[in-house]
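# Analysis of the macromolecular model
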Amino acid sequence: MGTTLNDTPSAERTHIAFFGKMNSGKSSLMNALAGQEIAIVSKVSGTTTDPVKKPMEIHGIGPCVLVDTAGFDDESELGARRVEMTKRAAKQADVAVLVCDGQELENSTGNIEELLYKEKLWKEFLEKKDTPVVLVANKIDLCTDREGIAHRMEGQFQKKPLLVSALTKEGVGDLIKKLADEACAKEAERLITGNLLGEGDLALLVMPQDIQAPKGRLILPQVQTLRELLDKKCLAMCVTTDKLSQALGALKQPPKLIITDSQAFQAVYEQKPKESRLTSFSTLFAAYKGDIHYFVEGAKVIGALMEQDKVLIAECCTHAPLEEDIGRVKLPRLLRRRAGSGLAIEVVSGADFPQDLSLYRLVIQCGACMFNRKYVMARVGQAKEQHVPMTNYGVAIAYLNGILDQIAYD
């Protein structure tokens, strides 16, 4: 079977988000870029209320997620909430398209600085988050003084805008090219296994098939890691935990790297050959999606936790808690065994994440296979700004098992 669009997880796609005032044409421009109607378009202000996401495959950009957001000038009864959702979408944006209404700019007789005040604030907001901003003057088909519009915008933003018409598709090709350039320049390709393995190296994947593994399928981190190993021309062997000893006995030489579920760390560590390095899927994703060195330092706080402290556990998936759930059952049990039964632990899931982290002694993030790196790093940045230690499931469990110094991550 060939590769299909759905084979690329959303978290691995370039997230392109559209920002602008109500009726600036964000939704129309997003539809023009996609070549299909994926966002509702209307002359009624505030048609887009919550962020609208659409996974796409756009020639020149590749697998991406287009994100339409509510106008940041929404002053309706729910406007503040909608603007907050728009800010949340900004945390996931790998590239931002800041859309201005070219017709409004041409027809305005007022102060141009006041007219573009909110756009300038959002440009600064996005750039502080290290998000490349592509500046667009939309509705250019309705304008006669295009050069004047471009000159006005460049004077305010110190950046040349792209002149685009969502209606006639003029300039859409230039926008696609610019987005592709920004996406490629933003970050070189990252690898889940980094430099831990090269072509011809043997990796042994120990994958418990417990209650959290969907019947008949592997969980996403296992699938992505295995696919990368195949792409890197590594030798890959997969076993369940109970077959580890038999698998090692069948090998002529020890594997260079053993990758397992963090819950099986101790059992695998006790059996691994001394020549083999050990890591977990969660630890690999901590380095792939986040700041692994910050997470390692954060894990050391576990040793100083006391019963009066409070810990935040943040999981990306929104699911009904399972028996022996790692984030809601196993990890809290290990933490309380170390710090005391009175240790307060709060669990949030999905996009829920407190703005104020000062209440917590430690934040523990899951492997984040469902989030893109940009979103995870936004959380890391928030923790750093508020001086709150942060770690990840795999790193935390390695520490709790006393083998953190034996775990490979770079």
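Report on the accompanying structure. What you see is a predicted model; the values in this text were computed from it and never measured. (Residues numbered from 1 in each chain as written. Predicted model: local features only at pLDDT ≥ 70, side-chain atom pairs only at ≥ 80, totals over all residues. Heavy atoms only, no water.)

### Overview of the overall build of the protein chain
The criterion, for reference: Helix and strand assignments follow DSSP, with helices taken as H or I runs no shorter than four residues and strands as E runs no shorter than two, numbered in order from the N terminus. Note on classification: 1.4 Å probe, protein chains only; a residue is buried when its accessible area is under 20% of the maximum for its type, exposed when over 50%, partly exposed between these limits. Residues are treated as being in contact if the distance between any of their heavy atoms lies within 4.5 Å. Using the Shrake-Rupley algorithm and a 1.4 Å probe, accessible areas are obtained, with residue cover drawn only from the displayed protein chains.
A tally of regular secondary structure across the protein chain gives 15 helices and 14 strands. Looking at the 410 residues of the protein chain, the share that counts as buried comes to 51%. Long-range pairs, those at least 24 residues apart, make up 74% of the contacts in the protein chain between residues at least 6 apart in sequence. In the form shown here, the protein chain has an accessible surface area of approximately 19,500 Å², with 50% of it arising from carbon and sulfur atoms.

### Quick notes on the nonpolar core
Our working definition: Residues enter a nonpolar core if they are buried and are Ala, Val, Leu, Ile, Met, Phe, Trp, Tyr or Cys, with the set joined through side-chain atoms within 4.5 Å.
The biggest cluster of nonpolar side chains holds 57 residues, and the ones touching the most others in it are Val311, Leu335 and Ile364. The biggest single contributor to this core is helix H15 (residues 393-400), with 6 residues. The residues contacting Val311, other than those within four sequence positions of it, are Leu305, Leu335, Leu343, Ala344, Ile345, Glu346, Tyr360, Leu362 and Ile364.

### A look at the pattern of salt bridges
Heads up, the condition is: A pair is scored as a salt bridge if a Lys or Arg side-chain nitrogen falls within 4 Å of a carboxyl oxygen belonging to Asp or Glu.
Tallied over the entire structure, the rule returns 13 salt bridges. A salt bridge links Lys21 to Glu119, with the nearest nitrogen and oxygen atoms 3.6 Å apart. Here the residue Lys21 occupies a position in the loop between strand E1 (14-20) and helix H1 (26-34), and Glu119 occupies one in helix H5 (residues 117-128), the gap between them amounting to 98 residues. Here Glu119 falls in the buried class, since its relative accessible area comes to 2%. When the shortest N-O distance is used, the salt bridge between Asp201 and Lys256 registers 3.2 Å. One end of the pair, Asp201, is in the loop between helix H7 (172-186) and strand E7 (202-206); the other, Lys256, is in the loop between helix H9 (244-250) and strand E9 (257-260), with 55 residues separating them in the sequence. Residue Lys256 is classed as partly exposed on the basis of its relative accessible area, which comes to 40%.

### Examining the sheet that holds strand E2 (residues 52-58)
Keep this limit in mind: When DSSP locates at least two bridges between a pair of strands, those strands are taken to pair. Every axis in this analysis is a line fitted to C-alpha atoms, fitted for helices over the stretch in contact. Angles between the N-to-C directions lie between 0 and 180 degrees.
Reading across the sheet, the 6 strands line up as E2-E3-E1-E4-E5-E6 and stay open at both edges, with mixed pairing between neighbours. Each edge of the open sheet carries a strand with a single partner, namely E2 and strand E6 (162-163). Judged from the 5 bridges that link them, E1 and strand E4 (residues 95-101) form a sheet pairing that is parallel. In the sheet register, Phe18 faces E4, and the bridge partner there is Val97. Running over the sheet, H1 touches E1, E2, strand E3 (62-68), E4 and strand E5 (133-138) and is turned about 165° from E3.

### Here we look at unusual backbone geometry
Even without being a glycine, Lys233 presents a positive backbone phi close to 60°. Its location among the elements puts Lys233 in the loop between helix H8 (220-231) and strand E8 (235-239). Given the relative accessible area of 54%, Lys233 is considered exposed.

### Some points on the packing of aromatic side chains
The cut-off we apply is this: Centres within 6.5 Å are what make two rings of Phe, Tyr or Trp a pair, Trp counting through its six-membered ring; a difference in plane orientation under 30 degrees is then read as stacked, over 60 as edge-to-face, and the rest as tilted.
Tallied over the full model, the rule gives 5 aromatic pairs. Measuring from centroid to centroid gives 5.3 Å for Trp122 and Phe125, while their planes differ by 65°, and the two rings are edge-to-face. With a gap of 3 residues between them, Trp122 and Phe125 both fall in helix H5, about one helical turn apart. With relative accessibility at 24%, the residue Phe125 sits in the partly exposed group.

### Some remarks on the pairing of strand E13 (residues 362-365)
Here is the rule: Classification remark: right-handed applies to a crossover when, strands pointing away from the viewer, the course from the first strand over the helix to the second runs clockwise.
Here E13 shows a buried face lined by Leu362 and Ile364 and a second buried face lined by Val363 and Gln365. With 3 bridges connecting them, E13 and strand E14 (residues 390-392) associate as parallel partners. Residue Ile364 lies in a different strand from E14, and its bridge partner there is Thr391. Regarding the hand of the β-α-β motif, the stretch spanning E13, helix H14 (residues 373-385) and E14 is right-handed.

### So, the sheet that holds E14
Pairing in this open sheet of 4 strands is parallel, and the strands run E12-E11-E13-E14 from one edge to the other. Of all the strands in the sheet, the pair left with one neighbour each is strand E12 (344-349) and E14. For this sheet, the mean angle separating the axes of adjacent strands, direction not counted, is 25°. Pairing between strand E11 (residues 310-315) and E12: 6 bridges, direction parallel.

### Quick notes on the environment of Gly194
Among the secondary structure elements, Gly194 is positioned in the loop between H7 and E7. Under the relative-accessibility criterion, Gly194 is labelled partly exposed at 27%. On a C-alpha basis, the gap between Gly194 and Ala287 in space is 8.5 Å, while along the polypeptide they are 93 residues apart. Not counting residues up to four positions away in its chain, the partners in contact with Gly194 are Glu228 and Lys232.

### Some details on the pairing of E9
Burial along E9 is two-sided: the face carrying Leu257 and Ile259 and the face carrying Ile258 and Thr260 are both buried. Across 4 bridges, E7 lies against E9 in parallel orientation. Bridging from a neighbouring strand, Leu204 pairs with Ile258 of E9. Here 4 bridges tie E9 to strand E10 (residues 277-280), and the two strands are oriented parallel to one another. Across the sheet, Leu257 pairs through a bridge with Arg277, a residue of E10. This β-α-β element, E9 to helix H10 (residues 265-271) to E10, shows right-handed connectivity.

Interpretation note: all reported values are geometric properties and have no functional meaning in isolation.
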